[in-house]
Amino acid sequence: MDVFNLLMQGFATALTPMNLMYACIGVLLGTAVGVLPGIGPAMAIALLLPVTYNLGPTSSMIMFAGVYYGGMYGGSTTSILLNTPGESSTVITAIEGHKMAKAGRAAQALATAAIGSFVAGTIGTALLATLAPFVVKFAVSLGPSSYLSIMVLGLLTVTAVLGSSKVRGFASLGLGLAIGLVGMDPVSGQQRLVFGIPLLSDGIDIVVVAVAIFAVGEALWIAAHLRRNKTETIPVGQPWMGKKDWQRSWKPWLRGTAFGFPFGAMPAGGAEVPTFLSYVTEKKLSKHPEEFGHGAIEGVAGPEAANNASAAGTLTPLLALGLPTNATAGVMLAALMQFGIQPGPLLFENEPLLVWALIASLFIGNTLLLLINLPMAPLWAKLLRIPRPYLYAGILFFATLGAYAVNMQAFDLVLLLVLGALGFAMRRYGLPILPLIIGLILGPRIEGQLRKSLQLSGGDFSGLFNEPVAIVVYILVAVLLALPVFIRLWRKYGPQKPSTLHLEDQVRA
Amino acid sequence: MSQKTDAGTPASKGRSELGIAALLGAAGAVVLVDASRIAAPYSQTDVVGPRTMPIIIGALLLVSAAALAINVLRGGRGQAEEGEDVDLTHPADWKTVLPLVGAFVLNILLIDAAGWVISGTLLFWGSVWALGSRHYIRDGLISLGLALATFYGFYFGLGIKLPAGILAGVL
């Protein structure tokens with residue numbers, strides 16, 4: 001039981017008073033940013049990055065993990081009470097949960113969401129703890145060419161599979177990769193995209209880019225389209241569930257977890273697809289299908305569990321391979337690199353204390369979240385009343401402060417504004433943010449692995465395909481890229497079929 | 001999941017999105033020109049060299065620029081991002097955004113000379129005003145409080161010395 005011992009060691013680290021305090025701060029902040037409109041966990045972690053310089057990696061990562069999980073709890077509260085989901089992964093919760101709230105069952109909707117998130121988060125974290133070491137064992141045997149292929153797969157799937165427009169995804173990816181080029185090439189010492197500005201020769205700090213794109217861009221975008229009429233929040237009491245609600249909830253929780261974890265762990269799984277799948281499944285299996293669309297508790301329990309389990313799944317490739325698959329994981333990876341920690345399979349070997357304390361803190365954070373969310377939901381809902389000028393001025397204020405504190409240079413604030421304007425334009429014209437961030441983070445590492453593989457093969461291109469894993473992954477990439485073309489041809493020329501694949505239509509129906 | 005670009009976004013944007021394509025094209029050109037400038041002697045230990053990635057990325061940007069331009073000309077439109085506080089039924093409100101950017105620029109100009117306490121106060125106060133709050137005195141007090149709290153919080157809590165500027169002796 002090596003893993004068990006390591007995990008116990010992790011608990012010992014995570015349960016020290018200091019780390020426990022950071023876990024508490026993390027889940028409180030996370031729930032707050034999840035509830036607040038306009039801020040998500042990715043932005044919150046980006047804003048916290050400069051502040052955590054002096055904290056040390058373990059405490060910081062524990063806090064970030066709390067923010068990550070907390071953001072999801074808070075997000076479900078907003079979507080149930082407000083019916084305006086902030087993220088695509090809570091769209092389903094908003095549909096069914098808000099109907100429940102309107103029918104006077106807000107308390108039950110919040111309860112099944114919170115308890116379901118707890119169940120899914122705990123099972124998901126347990127799966128992470130058991131699976132990640134196996135992935136690592138497999139991954140340490142891989143050479144640079146295999147890594148290169150896996151990172152290419154991660155980049156392309158994030159770009160081409162998620163999001164509604166591939167063209168715009170690739171455009172965003174290109175911008176991210178280009179920003180990643182700025183600075184001195186680590187191998188040859190040549191300057192790239194520096195334009196003779198000495199302040200650029202160290203490259204653009206990932207913190208500055210992340211804060212600019214997530215915080216400044218978002219604040220400016222919302223300011224330009226600020227909702228002036230007040231949205232209505234449904235008043236809510238103490239969340240609770242009756243015996244019948246429990247009976248109807250526990251199976252959807254487990255099924256949602258089963259959908260969520262594997263999708264989260266895949267390079268392009270995300271949380272959207274499993275929440276849709278969970279919803280459709282619950283609708284099919286329910287004894288009360290007529291309630292769906294009018295506030296069925298299964299339609300909240302399943303998707304919420306799927307959402308949280310996918311978050312735990314996302315951490316598997318992040319910790320075991322150094323491969324981020326969503327924005328929050330990307331910023332967490334940037335945080336690790338800030339502390340000079342090399343992400344990748346060696347992380348488990350080099351930083352066992354950090355990794356296992358992080359995993360242990362996920363269990364702790366999940367429990368804390370259940371404890372603070374069940375009794376305090378009405379209090380959290382009050383956060384929605386914060387005057388919007390203060391909220392968005394505050395985001396700009398702390399974004400400026402954070403970006404400045406990294407290097408104490410007013411020049412970074414100029415970059416912040418320019419990249420913030422880019423973030424604004426991207427939101428306006430539907431360029432997804434995720435490919436830019438992942439491209440920025442993975443671009444330099446992909447270049448490193450490319451050079452390493454070709455150096456080992458003496459410049460022979462066969463060096464890129466010298467491992468079976470690399471070949472398999474490239475075939476997968478080819479299939480993923482070709483699949484949409486085939487589907488389109490099939491729709492055009494293939495036999496007419498009832499549209500069973502149209503999840504969105506089913507949900508709306 | 002497929003090419004569903006226009007989701008009935010209100011305030012039809014015409015073809016201003018071509019500007020994004022132009023931006024991408026310009027970025028691609030800059031990356032390629034910069035790459036051509038790099039003198040990279042062939043070396044046995046670094047066969048790939050510092051130019052390969054920029055060339056790939058520049059090409060990617062140029063291809064995306066062209067593809068986006070074609071997409072827009074064929075009637076494709078990017079879907080503006082929605083959110084809890086975002087109301088897309090009215091067009092972009094520049095009367096809010098420009099003063100916000102103004103407050104931001106003012107902070108950049110003042111932060112080193114006047115110090116964070118002054119520039120931060122003006123930044124928050126200006127932003128709140130731009131966003132529509134008209135409680136001048138309350139907003140001013142909150143702004144000053146935030147700037148002072150972050151100044152001392154960073155100093156004592158994190159050991160980060162934000163610039164004190166002209167208040168150097170006072171704070």
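Along every chain, residues carry numbers that run from 1 in the direction the sequence is written. Chains carry letters and ligands carry numbers; both start at the beginning, A for chains and 1 for ligands, and go up in the order they are written. Confidence filtering applies because this is a predicted model: local features only for residues at pLDDT of at least 70, side-chain atom pairs given and counted only at 80 or more, and all residues used for totals across whole chains, interfaces and linings.

**Considerations on the overall build of chain A**
Rule in force here: In this description a helix means any DSSP run of H or I spanning at least four residues, a strand means any run of E spanning at least two, and both kinds are numbered starting from the N terminus. Radius of gyration here is computed from C-alpha atoms only, and the compact-globule reference equals 2.2 Å multiplied by the residue count raised to the power 0.38. Buried, partly exposed and exposed are defined by the number of other C-beta atoms within 10 Å of a residue's own C-beta, namely 20 or more, between the two limits, and 12 or fewer respectively, with C-beta atoms placed from the backbone. For every residue pair, C-beta atoms are placed from the backbone, and the pair is scored as a contact if these atoms sit within 7 Å.
Across its full length, chain A carries 19 helices and 2 strands. In summary, chain A has a C-alpha radius of gyration of 22 Å against a globular reference of 23 Å for 509 residues, a match within 12%. Taken over the C-alpha atoms alone, chain A extends approximately 65 × 55 × 50 Å along its principal axes. Burial statistics for chain A: of 509 residues in total, 61% are counted as buried. When contacts within chain A are restricted to residue pairs at least 6 apart in sequence, those whose partners lie at least 24 apart make up 81%.

**Here's the deal with the overall build of chain B**
Looking only at helices and strands, chain B features 5 helices and 0 strands. Secondary structure elements in chain B, listed N-terminal to C-terminal, are α-α-α-α-α. The C-alpha radius of gyration of chain B comes to 24 Å, more than 25% above the 16 Å expected for a compact globule of 171 residues. In terms of overall dimensions, chain B has a C-alpha envelope of 55 × 55 × 25 Å along the principal axes. Looking at chain B as a whole, 39% of its 171 residues qualify as buried.

**Let's talk about the interface of chain A and chain B**
Here is the rule we go by: Following the grouping adopted for this structure description, the nonpolar residues are Ala, Val, Leu, Ile, Met, Phe, Trp, Tyr, Cys and Pro, the charged ones are Asp, Glu, Lys and Arg, and the polar ones are all others, Gly among them.
Counting residues at the interface gives 63 residues for chain A, matched by 61 residues for chain B. Elements supplying a minimum of two residues to the side of chain A that touches chain B: α4 (57-82), α7 (166-181), α8 (206-224), α15 (388-407), α16 (410-428), α17 (434-456) and α18 (468-493) of chain A. Among the elements that line the side of chain A that touches chain B, the one with the most residues is α15 of chain A, at 11 residues. Here the side of chain A that touches chain B is built from residues that sort into 38 nonpolar, 15 polar and 10 charged.

**Remarks on the nonpolar core**
Convention followed: In these notes, a nonpolar core means any group of buried Ala, Val, Leu, Ile, Met, Phe, Trp, Tyr and Cys residues linked to one another through C-beta atoms within 7 Å. Just so you know, the domain bounds were taken from an automatic or database domain assignment.
If you look at the biggest cluster of nonpolar residues, it comprises 214 residues, and the most contacted ones within it are I45, A46, A210, V211 and L416 of chain A. With 21 residues, the top contributor of residues to this core is helix α5 (residues 91-139) of chain A. The residues that make up this core include at least three from each of domain 1 (18-73) and domain 2 (94-167) of chain B. Ignoring any residue separated from it by four or fewer positions in sequence, one finds V211 of chain A in contact with A46, L47, V216, A399, G402, A403 and L416 of chain A.

**Description of unusual backbone geometry**
Residues and elements named next belong to chain A. Here F195, not a glycine, exhibits a phi torsion of approximately 55°, which is positive. Mapping F195 onto the fold places it in the loop between β2 (191-192) and α8. Positive phi, close to 60°, is recorded for M408, a residue that is not glycine. As for its position among the elements, M408 is in the loop between α15 and α16.

**With respect to α17 of chain A**
Residues and elements named next belong to chain A. What counts here: Helix span, as expected, comes to 1.5 Å for every residue beyond the first. Think of it this way: the bend at a residue is just the angle between two axes, each fitted to seven residues, one set ending at that residue and the other starting at it.
In this model α17 runs 32 Å from its N-terminal to its C-terminal C-alpha over 23 residues, within 8% of the 33 Å that 1.5 Å per residue would give. In α17, a bend of some 40° at L442 exceeds every other bend along the element, and P444, a proline, comes one to four places later. Burial runs high along α17: 18 of the 23 residues are buried. Phi turns positive one or two residues past the end of α17, at G458, with a value near 70°.

**Considering helix α11 (residues 298-321) of chain A**
Residue and element names in this part refer to chain A. With 24 residues, α11 should cover 34 Å at 1.5 Å per step; its first-to-last C-alpha distance of 35 Å lies within 8% of that length. Counting buried positions along α11 yields 24 of 24 residues, so the element is predominantly enclosed. Directly after α11, the chain includes G322, whose backbone phi takes a positive value near 75°.

**Details of the packing of helix α3 (residues 41-48) of chain A against α8 of chain A**
Residue and element names in this part refer to chain A. Here is the rule: To obtain each axis, a line is fitted to C-alpha atoms, and for helices this fit is confined to the stretch in contact; angles are then taken between N-to-C directions over 0 to 180 degrees. Angles are sorted into four bins: roughly parallel if under 35 degrees, roughly antiparallel if over 145, roughly perpendicular if 65 to 115, and oblique for all others. Helix crossings get a hand from a simple test, with the near helix turned counterclockwise from the far one by less than a right angle marking a left-handed crossing and a clockwise turn marking a right-handed one.
Taken N-terminus to C-terminus, the directions of α3 and α8 make an angle of 130°; their axes are 9 Å apart at the nearest point. The angle between the axes of α3 and α8 places the two elements in the oblique class. You can see that α3 and α8 cross each other, and the crossing is left-handed. Contacts from A42, M43, A46 and L47 of α3 reach α8 at V207, A210, V211, F214, A215 and E218.

**Considerations on the environment of R228 of chain A**
Residue and element names in this part refer to chain A. Along the chain, the position of R228 falls in the loop between α8 and α9 (243-265). Of the residues examined, R228 has 10 C-beta atoms within 10 Å and is grouped as exposed. On a C-alpha basis, the gap between R228 and R388 in space is 9.6 Å, while along the polypeptide they are 160 residues apart.

**Here we look at the confidence of the model for chain B**
Predicted coordinates in areas of low pLDDT are best not read in detail. Residue and element names in this part refer to chain B. As a reminder, the rule being used: The predictor attaches a confidence to each residue, and that confidence, scored 0 to 100, is pLDDT.
In the predicted model, chain B carries a mean pLDDT of 87, and 92% of its residues have values of at least 70. Between the elements of chain B, mean pLDDT differs from a low of 93, seen in helix α5 (residues 136-158), to a high of 96, seen in helix α4 (residues 116-130). Scored below 50 in pLDDT, residues 1-12 shows 20 contacts in the model against residues more than four places distant or in partner chains.

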